Amino acid sequence: MRSLTVRRSSLTAGLMSLTATAAQALNLDLEIPIQQLQLAWTLTRVLLQL
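Residues numbered from 1 in each chain as written. Predicted model: local features only at pLDDT ≥ 70, side-chain atom pairs only at ≥ 80, totals over all residues. Heavy atoms only, no water.

1. Regarding the overall build of the protein chain
- Per the secondary structure count, the protein chain includes 2 helices and 0 strands.
- Counting all 50 residues of the protein chain, 2% fall into the buried class. (Helix = DSSP H or I, 4+ residues; strand = E, 2+ residues; numbered from the N terminus. Buried < 20%, exposed > 50% of the residue type's maximum accessible area, 1.4 Å probe, protein only.)

Laid out in structure tokens, this is it:
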């Protein structure tokens, strides 16, 4: 039961970060800074592991 809760919260956190990233990407110019996206992805993975 606990693993289901952890999976659900991880999925929710992942969807929220993906939505936030997409919203920010829509507000940026066509030139997306790759370094910032890599940093955001790394931070997202670290937060999901906590």
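2. Quick word on a nonpolar patch on the surface
- A cluster of nonpolar side chains, namely Leu-11, Leu-15 and Leu-18, defines an oily patch on the protein surface of about 320 Å² accessible area.
- As for its position among the elements, Leu-15 is in helix H1 (residues 2–27).
- The partly exposed category is assigned to Leu-15, whose relative accessible area is 48%. (Patch = residues over 30% accessible without salt bridge, like charges linked within 9 Å, V, L, I, M, F, W, Y side chains within 5 Å. Areas by Shrake-Rupley, 256 points an atom, 1.4 Å probe, with all protein chains shown as cover. Salt bridge = Lys/Arg side-chain N within 4 Å of Asp/Glu carboxyl O.)

3. Here we look at the environment of Leu-48
- Position of Leu-48 among the secondary structure elements: in helix H2 (residues 34–49).
- In this structure Leu-48 comes out as partly exposed when scored by relative accessible area, which is 32%.
- In contact with Leu-48, not counting residues within four places along its chain, are Ser-10, Ala-13 and Gly-14. (Contact = heavy atoms within 4.5 Å.)

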